[in-house]
Amino acid sequence: MCLTCPGEACVKRHRPWGRTAAGTFATAEETAYPRGLARAIAQSFRVAIPFGPVQPLLPLAELRGTAGSQPKASKVPPLVPEFKKVVVVKSPKPFNPPAHPPHKLSQAWRVPPGCQCAIPLIPAGSKILNVLGQEGSQEVEHEQGSKFLHRFTVGIQWRPEEFIHAAFQAGHPSNFEQKLPPALKKAVRTSACMSHVELVRMREAWLSKWEKRKLELCEEEKKFKATLHSDVATVVKDKSLLVFREILQDMGYADQGAFDELACGTKLTGSVPVTNVFDKRIKAALTSADALKSQASLINKSVLGSVRSQGEELDRVLDEKTAEELGKGWVAGPYTLDQLPEGAVIAHRFGLVQGGKIRMIDDFSCNGVNATVHSAEVPRPHSADVIAALAMELARANAGQTLSGRTYDLKSAYRQLAIHPESRWCAFVAFFSHEHQCTQIYRLRALPFGAAKSVHGFLRLSQCLWAIGADALAFPWSVFYDDFVVLAQDEATSTLDNHICRFFSLLGWRFASDGAKATTFAPTFEALGVVVDVTEAPVGIIKFTNTQRRACELRDSLSEVLRKGSLVQHEALRLRGRVQFADGQLFGRCGRMCLRSIAK
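Residues numbered from 1 in each chain as written. Predicted model: local features only at pLDDT ≥ 70, side-chain atom pairs only at ≥ 80, totals over all residues. Heavy atoms only, no water.

S.K.: Help me out: how do you make sense of the state of the cysteines in this one?
M.R.: Each disulfide consists of a covalent bond between the sulfur atoms of two cysteine residues. Considering all chains together, one arrives at zero disulfides under this definition. Lacking any disulfide linkage, Cys 117 is separated from the closest cysteine sulfur, that of Cys 115, by 8.9 Å. (Disulfide = S-S within 2.5 Å.)

In structure tokens, the structure reads:
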């Protein structure tokens, strides 16, 4: 018996039970089992297998997310809905509807007396979406306290001219204004409503207030940091923790837990804290921390067996960078294998050449640590689309004025945040040392570049910094990981630069104040690997292009693919990432399909 369609109704909807002539089960030939049956089977397994306390069934969307199964429909709702209006006709008695799903009405249909509906006449061409409680059916939707137990739903179609008008009002689907976060819209409006002098006074007042408060809390700050774990205190010694907490409380920020992330450190395993500032999306863990601890010896044997020399140059850089981190208190060690606590697992540290420089990577996937991470949100740093939207909004709000931009880059961004003491057991890394000609093991105190939880923890706090600046100080900026991209009218750049530097200094965040990354405001600047040109902003034109270096890399990569006549998957994924330098998809659906084909 089908659990969703008892009785004869099941025969009408699904194949009968049993085997086919070919010897297979008849239900295997259907596209899917009934939802109720699938849920009942899943619930039976949950009851029978001791996974712990049985919780109520989750909503379908969360179940799909947990299983990694997403609907095929677009994630973005249509700009213009399919129907102009959807109405429900309710009746206290069974009835025969004017048509059955999915048919349309051939002529207008007047709602009978005794029925309830928002409109008295259903126009011709309207589509019947569903019918519940029609005469002869056993399906009746019960509404507690309602006498209208029988109903059908109708979608009323647009007239062509109405649809065109609605589409025109909705605008183009790649309209960049829709990509501007509300906090940035507010910042632009605030700066547009004030004169330059008033804006400077507002920012000065806010910064002076909290700089004064920082001095008042100096002794309390020292006492508070003395209560922290020594590893955490070493990493966040320069952060103004108590001022940060008071600012979050004062502005009523949605994610008050960001303070705990900063003050207590980030756990490398387990569930990611829910922030209420990022989009909802479930990504389930594949294993548990306890499972890793129980297999630590096997995991470590495998990881240490994979550690080998990468060549003298890379090995020397790993030695130098690790020694530098040791001097700053970001790592501890070295350790021998027998000095590690029971259940500790080791990650592989290696060097990766990127854009002419060597980046140090700590692979927390090879030891299974990343597989223990469960998240209910997906952090989305601002893309080049947000920069474009911000530039266009500023150009409109300050008509005729020239703009300039620059990027503020946080120095050693992940290393400014600590690992939670509870994750010390999985914070070990191993690499081949050129100096000692053997494998060395160190324990990290600061967040590694290569752990899934590092991404969540850092983006949580960089998003918080951005929100404070945009909301409280009307900074016209966006954030992409550790890059804060700022745009402003030329007359405001000097004072804005001063206020941003004071803002970072107030909260104790280090940024590039010298060297190649310490740029100045200019009408053409690099951000997120692209060149942004706001020279023609007064006439509403903002230009984006690849950097010269990236353009040459793309040309060489494409030429090599054409020469070989083949493309392997890892090369395809790398190529897709380079081609898709902005998310606006200016070439529309065709461009997206081409990029998807490259990856496949």
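S.K.: Just to check I follow, could you spell out the sheet that holds strand S7 (residues 279-283) for this structure?
M.R.: If you trace the three strands from one edge of the open sheet to the other, you get S6-S11-S7, paired in mixed fashion. Strands at the two margins of the open sheet, each flanked by one partner only, are strand S6 (270-271) and S7. Where S6 and strand S11 (residues 373-378) come together, two bridges link them in parallel fashion. Looking across to S11, one finds that Ser 271 is bridged to His 374. Against the sheet, helix H15 (residues 452-473) touches S6 and S11, its axis set at about 35 degrees to S11. (Pairing = 2+ DSSP bridges. Helix = DSSP H or I, 4+ residues; strand = E, 2+ residues; numbered from the N terminus. Contact = heavy atoms within 4.5 Å. Axes fitted to C-alpha atoms, helices over the stretch in contact; angles between N-to-C directions.)

S.K.: I'm lost on empty space enclosed by the protein in this one. Help?
M.R.: A probe as big as a water molecule, rolled over the atoms, marks out the empty space that is left. Taken as a whole, this structure holds six cavities of 30 Å³ or more when the rule is applied. The calculated volume of the second largest cavity comes to roughly 70 Å³. Along its surface, the second largest cavity is lined by Ala 187, Val 188, Ser 191, Leu 199, Arg 203, Leu 394, Ala 474, Pro 476, Ala 488, Gln 489, Ala 492 and Leu 496. Counting residues per element, the ones that place at least two in the lining of the second largest cavity are helix H5 (182-193), helix H6 (196-216) and strand S16 (483-489). Among the elements that make up the lining of the second largest cavity, the one with the highest residue count is H5 (three residues). For the lining of the second largest cavity, the residue count by class is nine nonpolar, two polar and one charged. (1 Å grid on protein atoms, 1.4 Å probe; cavity = no way out; pocket = protein on both sides within 12 Å on 5 of 7 lines; lining within 4 Å. Points joined across faces, edges and corners; volume = space filled by probe spheres on them. Nonpolar A, V, L, I, M, F, W, Y, C, P; charged D, E, K, R; others polar.)

S.K.: I keep staring at the side chain of Ser 423 and nothing clicks. Help me out?
M.R.: Within the secondary structure layout, Ser 423 lies in the loop between strand S12 (403-409) and strand S13 (428-433). Residue classification places Ser 423 among the buried positions, given a relative accessible area of 1%. With near-sequence residues (within four places) excluded, Ser 423 lies in contact with Thr 266, Lys 267, Leu 268 and Thr 269. (Buried < 20%, exposed > 50% of the residue type's maximum accessible area, 1.4 Å probe, protein only.)

S.K.: Just checking my understanding: could you explain H6 for this structure?
M.R.: Given 3.6 residues per helical turn, the α-helix brings residues three or four places apart onto the same face. Look at H6: 30 Å from first C-alpha to last across 21 residues, which is about the 30 Å you get at 1.5 Å a residue. Those residues of H6 that sit buried are Leu 199, Val 200, Arg 203, Trp 206, Leu 207 and Trp 210. For H6, the angular spread of the buried residues around the axis is 135 degrees, confining them to a single face. Residues of H6 that are exposed and angled more than 90 degrees away from the buried face: Arg 201, Lys 212 and Leu 215. Of the surrounding secondary structure, the elements contacted by the buried residues of H6 are H5, helix H9 (241-251), H15 and helix H16 (493-507). (Expected span 1.5 Å × (residues − 1). Arc of directions from axis to C-beta.)

S.K.: Would you mind going over the environment of Gly 351 with me for this structure?
M.R.: Counting through the fold element by element, Gly 351 comes out in strand S9 (residues 346-354). Accessibility expressed as a relative area gives 6% for Gly 351, which makes it buried. Taking the C-alpha atoms as reference points, Gly 351 and Phe 431, 80 residues apart in sequence, are found 9.3 Å from one another. Residue contacts for Gly 351: discarding those within four places in its chain leaves Gln 310, Leu 314, Leu 318, Ile 358 and Arg 359.

S.K.: What should I look at first to understand the pattern of salt bridges in this one?
M.R.: Throughout the structure, instances matching the rule amount to 32 salt bridges. For Arg 159, the salt bridge identified is with Glu 162, shortest N-O distance 3.2 Å. For Arg 159, a relative accessible area of 46% corresponds to the partly exposed category. A salt bridge links Glu 246 to Arg 213; the shortest N-O distance between them is 2.9 Å. Of this pair, Glu 246 sits in helix H9 while Arg 213 sits in helix H6, placing them 33 residues apart in sequence. Members of the salt-bridge network, linked through shared partners, are Lys 84, Arg 159, Glu 161 and Glu 162. (Salt bridge = Lys/Arg side-chain N within 4 Å of Asp/Glu carboxyl O.)

S.K.: For this particular structure, what's the right way to read the sheet that holds strand S17 (residues 524-527)?
M.R.: Picture the strands of a sheet paired through backbone hydrogen bonds; they go either parallel or antiparallel. Pairing in this open sheet of three strands is antiparallel, and the strands run S17-S18-S19 from one edge to the other. The two strands at the open ends of the sheet, each matched to only one other strand, are S17 and strand S19 (543-546). Along the sheet, successive strands turn relative to each other by an average axial angle of 30 degrees, direction set aside. Relative to strand S18 (residues 530-533), S17 runs antiparallel, the two sharing four bridges. Counted as the bridge partner of Glu 526 is Val 531 from S18.

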